[in-house]
Every structure is written in C-alpha cells, then in structure tokens.
Amino acid sequence: MFKKTNAVGLFGMNSFPVTVEINKELGIPRFDIVGLADVSVQESRMRIESALANSGVAIEKRKRVVNLSPASIKKSGSMFDMAILVAVLAADNLLNIDIERFVFIGETSLNGDMIPINGVLTMVIEALEQGMEGVFVPAQNANEASVVEGINIYPVNDVKELIGMLSGRRALTSQRHYRAKAADFKDTLDFSEVKGQENVKRALEVAAAGFHNVIMLGTPGTGKSMLAKRIPGILPPMSFEESLETTEIHSVAGLLDNKHPLVTRRPFRPVSHTASSAGLIGGGPVPRPGEISLAHNGVLFLDELPEFDRRTLETLRQPLEDGIIHISRAAGKISYPCKIMLVAAMNPCPCGDFGHPAKKCRCSERQISAYLGRISRPVLDRIDIQVEVAPVNYEEISAGSKIQSESSKQILERVECARLIQENRYRGMNIRANSEITPGLLNQICVMEESASQLLKNAFEKLGISARAYDRILKVARTIADLDNSDIIKKPHIGSAIAYRSLDKKYWGR
C-alpha cells in the first residue's frame, strides 16, 4: 500500500516543500524513515507509535518505509511528525479525505498531543506558494499561521482530533485569519518626557525620516538611553509586508506571542556589551537569527559602544552595508535580512567625564585615545549621524520650566511627510528610505544647488572625508531636504549633514 502527503522543511528561514511517501508491505514489522533525515526526524517513529497507542489507535504490524522527498536535501527538526503520522494512518485506510491537498506541520508528543514548533509562519507561506488548499498545525501555532491570507489553517490539539477531522467524523473548521488591533500599534514612551536636548531630538528626527544610523556621545546621565528608547515612537508604522518579514524572523527564533502573533511595532532590540558575535549576528549548528536580524525594520540599540569586543563590532560592517547577514555552516548557508536603524550610545572616555562642563576627567590622554580607538574607522564610517549629548541645565529640567517639549506625535507627523516623499520617489525600486540609496542613483537623486556642492567640496578637501562618508553625507542631506519639502539639496541642508559628521574629527581625530 503506497500513500503520500505533504510537509514543509526549514533551514533557517529557507523553507522547501517535502513530500512524505509511505509504503506498507508484508514482512518483518519495522518502521524506517529515509530521505536524508537527521536524528530528530528518525526519532519521530517512536513518538508516533507511542502517540497512536496512547490515543487508542491500533495499526497493523507491517513493514513500513517512509521517504522524505527530495532525498537530496537534509531534513531536520520535529515538524515532520504530523505529516508522517497522517501517512501512516492513510496507509492503514483510516482516513477518508484526499490528504494530498493539504500540508501537515507539527510535533507529536508521546501521549498524542500536538506540540507547537518554531518557524510555522515561513512554512505556511511556502505551502501557499505551492498552491495547497490548507495547512494543519498544532492549535498553539494556529494564530501565528492565520496571519497568512489565501490558505485555510486547521488547528489540531491532539491525534484523536486530527483523526476525527481526516476521517470525516469531525467537521473541518478553519481558523479565522488574524487581524491586528489598534492597540497593537501604540507606543507608550514619548519624546515630550525628555527635557531639553532639542539638537539631539532634531538629529534623531532626521535619522528616523531617512532610516539612518546614529551615534550619541555624551557623559553619563545626559539621557542617551532615554532618547534611544523613544525612537520607535517617531518611526512610521510598519506596512503589512514589513510586519510579515519581521514576524517570520521572530517565528524562526521562537519569540512570538500566541495572542499577538504579528509583529506590528517596529522592534527595539537593546543589546548589552557582553553579547557575543553569535548573539549579535546569529549562530549555532543550525544558525538562529541574532539581535541584528531580530531588529529588522526597527532599531538595534548598542549602549556603551566602546565596551563591546572589537571583533564583535567588526562583524557588523557587512550587514550594515548590505542589509542582510550571511552565516555559513557545514550544513549549509543561511541568510537573514537585517535592514536596521543602528542607534549607538557611548561615553567620551572610560570615566565618562571628558568634556563635562562641571566635572574633571580622571583619564589620561592615552586612555581616552585607546578607549575611542576601540571603534574602528570602517564601523564609524557606517554611522550616518553623530551627535553630542550635552548635560541638561537646571532651567531645562526643572518643573518650573516654561519650555514645552514636542511630543512624539508632532515629530512623527514631519517624519511621515518626509517618508511619503521618499515612497513616491522610490516607487518601483527596491528602496524604502534614503539610507538605502545605491551609489548608481546617488547623483541622480541627490541633486544639489551650486553653493551646496561647493560647500561639500570644501569640506571633503579640508576634513579628509572618506568616499563612504561622502555618500552618507549626501543621503543625510537628502533627508533634511525632504523634511524641508525641498526637491533640491540646498546649502543649509549640506551644512547640517556635514555638522552631523563632526565628532569623528573632534574626538577620533585628536
């Protein structure tokens, strides 16, 4: 007796269709699984036999061979359990529906319960692309799977329920597709809570409008972390495509909340300086996404930047440039998207008081240079905006101050206007914001008036600006012009963009 059904394999974020074939014949009773299956897949036969027995389902004692096709691709993980179990039941004529129209994804426990797995969203998208009618998933994965429209999702609690659905004794009831609620989009932190620092807020507004990387340098207690945590509140809402991309990564990492299975807020991922390279960019035998990928379409916040291991920081150079991280292992190569807004914060010296108007720095010139030197020029060049965060004076921070800080909503309105200009400009291109302008389009998009061009030329010659820094100054200037609703980059726009590159000369050029 030959039967087959469908499953989906997963390696990182790379999903692929798998046909589960079973042949039952006379012979010494045994249960073999072939098709380049690893240990976790091989062990599924013991889970399935126990689950069937504990569910009161008796199967014939025959020789069974299960093949996971294509046999040339390695299969790993427990997501094949449900599909193999369904194939076993079909070979014993215990089912009454055409199982070849469906995909089965999920792990089986020894008592017959269906256990949720990671990466369901990516696998359901693959099933949709393969033209399948529906997908059976563990009930705890159903909300996540229902994010994908155009395919039916059938939640399964245990083996008995699955058999009832496939034998016709229980109606096939699909999960209602998930719709995010308005509350899922709200941010609680607001820029109005930050007193003073108007120049820093303006720099962060420019960064948010063009999705530029930014570094804040200042003495302890000036509000660098407080400002960074409020950046998601001035970033435009995620489109459904961006939400789906980000949710896929969080699904593979097993970080989704079953009640809120769609990532609707832009991620904000703060990373400690104790993080390893694997934790930051991803790693493991089957590499999991790191913090840089979990922050995709959002903010990666690195506090105390010089305290990070220098080799760890150097691993950021390629993904910051390309928006994608490639991880190679013996089992294969995995790529994770990582289009992020890098936000870094740091003190100017080991004690933190260098440049403070009222405190005296206790560090030597050599200590300061060594501390700043932990951040290499190539890494610094990939940060578009550098801004100094000065201590706030009493008048600005006191309760009696008459200065009213702008709210995140007010800043967001300007950011969204600038993003709308960029959306219209880049329609039909694979560009979402000014930070992603390719070198070939730079001169076409960043058109300057003569005085602006002359100012940039003088700065390039006198300040020793690198070619990469030159490109980034142009991109930042383009964003400032968009905020000013100007088609042409003017002299004040270039002047502001150059000013945002001044700290490398003030501190790193000492």
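Here the residue index of a chain counts from 1 through its sequence in written order. A pLDDT threshold of at least 70 governs which residues receive local features in this predicted model, and a stricter bar of 80 or more applies before side-chain atom pairs are shown or counted, although totals over entire chains, interfaces and linings include all residues. With hydrogens and water excluded, all non-hydrogen atoms of the structure serve as input to the side-chain values.

**Student:** Is there a simple way to think about the overall build of the protein chain in this case?
**Tutor:** Counting secondary structure elements, the protein chain contains 22 helices and 18 strands. Viewed in the frame of its principal axes, the protein chain has a C-alpha envelope of about 85 × 50 × 45 Å. A simple rule labels every residue: compare its accessible area, found with a 1.4 Å probe on the protein chains alone, to the largest value its type can have, and call it buried under 20%, exposed over 50%, or partly exposed in between. Within the protein chain, the proportion of its 510 residues that are buried is 52%. Here, Shrake-Rupley sampling with a 1.4 Å probe gives the accessible areas, and only protein chains in the shown set may cover a residue. For the protein chain, the exposed surface amounts to about 22600 Å²; the carbon and sulfur share of it is 51%. Positive and negative side-chain charges of the protein chain, numbering 63 and 59 respectively, have mean locations separated by a distance of 3 Å. Comment: elements are numbered from the N terminus, with helices defined as DSSP H or I runs of at least four residues and strands as E runs of at least two. A positive count includes Lys and Arg, and a negative count includes Asp and Glu. His and the chain ends are not counted in either. Taken as the charge location is NZ of Lys, CZ of Arg, CG of Asp or CD of Glu.

**Student:** Hey, could you run me through the nonpolar core in this one?
**Tutor:** If you look at soluble globular proteins, the nonpolar side chains tend to sit buried side by side. What makes a nonpolar core is a set of buried Ala, Val, Leu, Ile, Met, Phe, Trp, Tyr and Cys residues whose side-chain atoms join them at distances within 4.5 Å. The biggest cluster of nonpolar side chains holds 63 residues, and the ones touching the most others in it are L68, I84, F104, V135, F136 and L162. Top element by residues in this core is helix α3 (residues 81–91). It accounts for 10 residues. Core analysis: the second largest hydrophobic core is formed by 53 residues, M216, I437, I445 and I473 among them.

**Student:** What's the story with empty space enclosed by the protein in this structure? I'm lost.
**Tutor:** If a probe the size of a water molecule is rolled over the atoms, the empty space left behind becomes visible. The definitions used throughout rest on a 1 Å grid laid over the protein atoms alone, on which a cavity is an enclosed set of points accommodating a 1.4 Å probe that cannot get out and a pocket is an open set flanked by protein within 12 Å on both sides along at least five of seven lines; lining residues are those having an atom within 4 Å of a point. Grid points are joined across faces, edges and corners, and a volume is the space filled by probe spheres set on the points. Applying the stated criterion to the full structure yields 2 cavities of 30 Å³ or more. Looking at the largest cavity, its volume works out to about 60 Å³. In this structure, the largest cavity is lined by F211, E242, R266, N297, K339, R419, R432, A433 and E436. By the convention adopted, Pro, Cys, Tyr, Trp, Phe, Met, Ile, Leu, Val and Ala count as nonpolar, Lys, Arg, Asp and Glu as charged, and the other residues, Gly among them, as polar. When the residues that make up the lining of the largest cavity are grouped by side-chain class, the tally is 2 nonpolar, 1 polar and 6 charged.

**Student:** Which parts of the structure should I look at to understand the sheet that holds strand β17 (residues 341–346)?
**Tutor:** Through backbone hydrogen bonds, the strands of a sheet pair up, either in parallel or in antiparallel fashion. We treat two strands as partners when DSSP finds at least two bridges between them. An order of β11-β14-β17-β10-β18 is seen for the 5 strands of this open sheet, with the pairing classed as parallel. The open sheet has two edge strands, β11 (268–271) and β18 (385–389), and neither has a second partner. Each strand axis lies, on average, 20° off the axis of its neighbour in the sheet, ignoring direction. The sheet contact formed by strand β10 (residues 214–218) and β17 spans 4 bridges and is parallel. Lines fitted to the C-alpha atoms define the axes, with helices restricted to the stretch that makes contact. Angles between their N-to-C directions range from 0 to 180 degrees.

**Student:** How should the layout of surface pockets be read in this particular structure?
**Tutor:** Within this model, the largest pocket holds a volume of roughly 490 Å³. In terms of lining residues, the largest pocket is bounded by 22 residues, among which L320, E321, S435, E436 and K475 are the most central. Listed by contribution, the elements that provide at least two residues to the lining of the largest pocket are α13 (317–322), α18 (439–445) and α20 (467–483).

**Student:** Teacher, can you tell me more about unusual backbone geometry here?
**Tutor:** Most peptide bonds are trans, and most residues other than glycine sit at a negative phi. Note the cis peptide between S69 and P70, where omega equals 5°. Summarising the element assignment, P70 is placed in the loop between β4 (63–69) and α3. Even without glycine at this site, L36 takes up a positive phi of about 60°. Position of L36 among the secondary structure elements: in the loop between β3 (30–34) and α1 (39–42). Residue N485 is not a glycine yet carries a positive backbone phi of 55°. Along the chain, N485 falls in the loop between α20 and α21 (491–499).

**Student:** Looking at this structure, I do not really get the packing of helix α19 (residues 450–463) against α21. What am I missing?
**Tutor:** Packed helices, taken two at a time, are described by the angle between their axes plus the distance between the axes. As a packed pair, α19 and α21 sit with axes 8 Å apart at the nearest point and diverge in direction by 25°. Our classification of the angle between α19 and α21 gives roughly parallel. Crossing geometry of α19 relative to α21 is assigned as right-handed. The segment α19 lies against α21, with S451, A452, L455, L456, A459 and L463 engaging K491, I494, G495 and I498. Partitioning the contact of α19 with α21 into residue classes produces 7 nonpolar, 2 polar and 1 charged. Roughly parallel means an angle under 35 degrees; roughly antiparallel, over 145; roughly perpendicular, 65 to 115; everything else is oblique. Two helices that cross are described as forming a left-handed crossing if the nearer one is turned anticlockwise from the farther one by less than a right angle, and a right-handed crossing if clockwise. Contacts: residue pairs with any heavy atoms within 4.5 Å of one another.

**Student:** Where do I start with the pattern of salt bridges in this structure?
**Tutor:** A side chain of one charge can pair with a side chain of the opposite charge if their charged atoms are brought near each other. For salt bridges, the criterion is a side-chain nitrogen of Lys or Arg within 4 Å of an Asp or Glu carboxyl oxygen. Summed over the entire model, instances satisfying the criterion amount to 33 salt bridges. For R377, the salt bridge is made with D504, and the minimal N-O distance between the two is 3.7 Å. Highlighted residues: R377 in helix α15 (residues 377–381) and D504 in helix α22 (residues 503–508), separated in sequence by 127 residues. D504 sits in the buried class, given a relative accessible area of 8%. A salt bridge links R478 to D482; its shortest N-O distance comes to 3.1 Å. On the criterion of helical spacing, the pair formed by R478 and D482 is a turn pair, its members being 4 residues apart in helix α20. Each of the two residues, R478 as well as D482, counts as buried.

**Student:** Help me understand the side chain of T479, please; the structure alone is not making it clear to me.
**Tutor:** With respect to the helices and strands, the residue T479 is situated in helix α20. Take T479: its relative accessible area is 0%, and that puts it in the buried class. We define a polar contact as two N or O atoms separated by no more than 3.5 Å, with the added condition that, inside protein, one atom must be a possible hydrogen donor and the other a possible acceptor, whereas residues neighbouring each other in sequence contribute only through side-chain atom pairs. A polar contact of 2.9 Å, which involves the side chain of T479, links it to the side chain of N434. Apart from the residues lying within four places of it in its own chain, the contact partners of T479 are V206, A209, G210, H212 and N434.

**Student:** Any chance you could explain the packing of aromatic side chains here in plain terms?
**Tutor:** We describe a pair of aromatic rings using the distance from one ring centre to the other and the angle between the two ring planes. Any pair of Phe, Tyr and Trp rings, taking the six-membered ring for Trp, is counted once the centres come within 6.5 Å. Such a pair is stacked with planes under 30 degrees apart, edge-to-face with planes over 60 apart, and tilted for the rest. Within the structure shown, the criterion is met by 7 aromatic pairs. When the ring of F104 is compared with that of F136, the centres are 4.9 Å apart and the planes differ by 20°; the resulting orientation is stacked. With a gap of 32 residues between them, F104 in strand β5 (residues 102–104) and F136 in strand β8 (residues 134–138) connect regions that are remote in the sequence. Members of the aromatic cluster, connected to one another through ring pairs, are F102, F104, F136 and Y154.

Limitation: the analysis is restricted to geometry and does not speak to function.
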